[in-house]
Structure formats: structure tokens, C-alpha cells
Amino acid sequence: MRRTIAGLAWLAALSALTGCGGPPSEQRRPDDVARLAAEVLPVIDELDVSTYLDEGSMCRWLVYPRGDFREGGCATSAEQFSAFDDTARADFDRVTAAMRASGVDTHRFEASISAAGVVGDARFWLEDSSIQWNWFYLYDPQDAITKNQHEGKPSYERISDGWWLMTEVDD
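The following refers to the structure shown. Only a predicted model underlies this, so the values are computations on that prediction, with no experimental measurement involved.

The biggest cluster of nonpolar side chains holds 31 residues, and the ones touching the most others in it are Phe-109, Phe-124, Tyr-137 and Trp-163. If you look at the next biggest cluster of nonpolar residues, it comprises seven residues, including Trp-125, Ile-145, Tyr-156 and Met-166.

Okay, here's the thing in C-alpha cells:
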């Protein structure tokens, strides 16, 4: 039994080092995007958030109509941003709570927000152990993003109406 556990731990470590991660299973994808739609999209829509990143104390980032708020390592002095104030912190915490409530293994998204304050599309970065690929859940309800398949460009797999799994080379 100990050898089996040690062997599995070694195999997991080797997978992480060699970049053998993979995208979420086809069976899991519909549930993931349904939870993102139910938990996260309403908060993005209400607050008009275009960028969110939570890497703990290393980097926190929120961009929405109130401004570009950053702290941690992503806050460089050459860029224009604001330190989190109480309102931005509360809004960041609302988005964080929605992300956690979704149960989807993501800590980052970027969304396009129309002049009317409507989410046009959103990309949710998925955590993985691959050093070769990046995976995203793409919300594109108007099918506005061209999904041509070309070598070296992202590939797209439809999950449901308005949702795609996007795969691109990890640079």
C-alpha cells in the first residue's frame, strides 16, 4: 500500500513537472459553465468588471468603472492604477466570493463590457499543470469572436449555447 501511494505521488509530481495537465473533462464542462453563468456573470454584469485576478498576496487586480485597482506584485510603478479603497475591496471580495461559489478552478477573467454595461464576452482562465497549453472557458453569447481554426491560434470546442472551451499554446 505504501508503495502504491508513493508511486502515485511520484507520478503526480512527474506530471506537474512535465506539463502533462489537461483540460476539464467533457462531462464536467457543462456544469462548470452553468455555475459560472449562475454565480459569476451576474456579478460581472452588475459591477461591469472587465478584469479580475486573484493570486493571493502576490497580485490582486480589479478593473471596472471606478478604476484600475491593484496590489501586490502586479502593481508596477510605471503603470497607472489605484490602491484598493474600501469600496473596491468590497467589490473585489464580492467577485471573489462568486468565483469560489462557482466551484470552477479559476482565479482570473477578462470581460468586454459594452457602453450599455452589458457583458459582451468573458474569458475565464482555468488552472492546470500544463506548460504547453492554456485552457479558458469562453462566454460569447453573440458569437462575436471569430473561431477560425489555424495552426498556432486558439482552438474552440462548443460546450453549450454561448459557451466554449478555448485552447491555446502557452507562451
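Now, onward.
This next bit is on the packing of aromatic side chains. Counting across every chain of the model gives 10 aromatic pairs. Ring geometry for Phe-69 versus Phe-84: centroids 6.1 Å apart, planes at 45°, classification tilted. Separated by 15 residues along the polypeptide, Phe-69 in strand E3 (residues 67-72) and Phe-84 in the loop between E3 and helix H3 (86-102) bring together distant segments of the chain. For Phe-69, a relative accessible area of 4% puts it in the buried group. The exposure class of Phe-84 is buried, given its relative accessible area of 14%. Pairwise contacts between aromatic rings join Tyr-52, Tyr-64, Phe-69, Phe-84, Phe-92, Phe-109, Phe-124, Tyr-139 and Trp-163 into one cluster. One residue, Lys-147, lies across the ring of Tyr-156, its end atom 5.9 Å from the ring centre.

Turning our attention to H3. With 17 residues, H3 should reach 24 Å at 1.5 Å per residue; the first-to-last C-alpha distance of 24 Å fits that figure. Along H3, the positions that sit buried rather than exposed are Ala-88, Asp-91, Phe-92, Val-95, Thr-96, Ala-98, Met-99 and Ser-102. The buried residues of H3 occupy an angular sector of 160° when projected down its axis, which confines them to one face. Facing away from the buried side of H3, by more than 90 degrees, are the exposed residues Asp-86 and Arg-100. Among the structural elements, helix H2 (29-47), strand E1 (51-54), strand E2 (59-64), E3, strand E4 (108-113) and strand E5 (119-125) are those in contact with the buried residues of H3. One side-chain oxygen at the N-terminal end of H3 lies 3.2 Å from the backbone nitrogen of Thr-87; it belongs to Asp-85. At the C-terminal side of H3, Gly-103 shows a positive phi close to 75°.

Moving on, we get to H2. In this model, H2 (19 residues) spans 26 Å end to end at C-alpha, consistent with the 27 Å of a helix rising 1.5 Å per residue. The largest bend along H2 measures about 40° and falls at Val-40, with the proline Pro-42 one to four residues further on. Within H2, burial applies to Arg-29, Asp-32, Val-33, Leu-36, Val-40, Leu-41, Val-43, Ile-44 and Leu-47. Looking at the residues trailing H2, positive phi occurs at Asp-48, about 60°.

How each quantity is defined
Residues numbered from 1 in each chain as written. Predicted model: local features only at pLDDT ≥ 70, side-chain atom pairs only at ≥ 80, totals over all residues. Heavy atoms only, no water. Core = buried A, V, L, I, M, F, W, Y, C linked by side-chain atoms within 4.5 Å. Buried < 20%, exposed > 50% of the residue type's maximum accessible area, 1.4 Å probe, protein only. Phe/Tyr/Trp six-rings, centres within 6.5 Å; stacked < 30°, edge-to-face > 60°. Helix = DSSP H or I, 4+ residues; strand = E, 2+ residues; numbered from the N terminus. Lys NZ or Arg CZ within 6 Å of the ring centre and 35° of its normal. Expected span 1.5 Å × (residues − 1). Arc of directions from axis to C-beta. Contact = heavy atoms within 4.5 Å. Polar contact = N/O pair within 3.5 Å; in protein donor to acceptor, adjacent residues only side chain to side chain. Bend = angle between axes of the 7 residues up to and from the residue.

Read these as layout, nothing more, since geometry by itself doesn't imply function.
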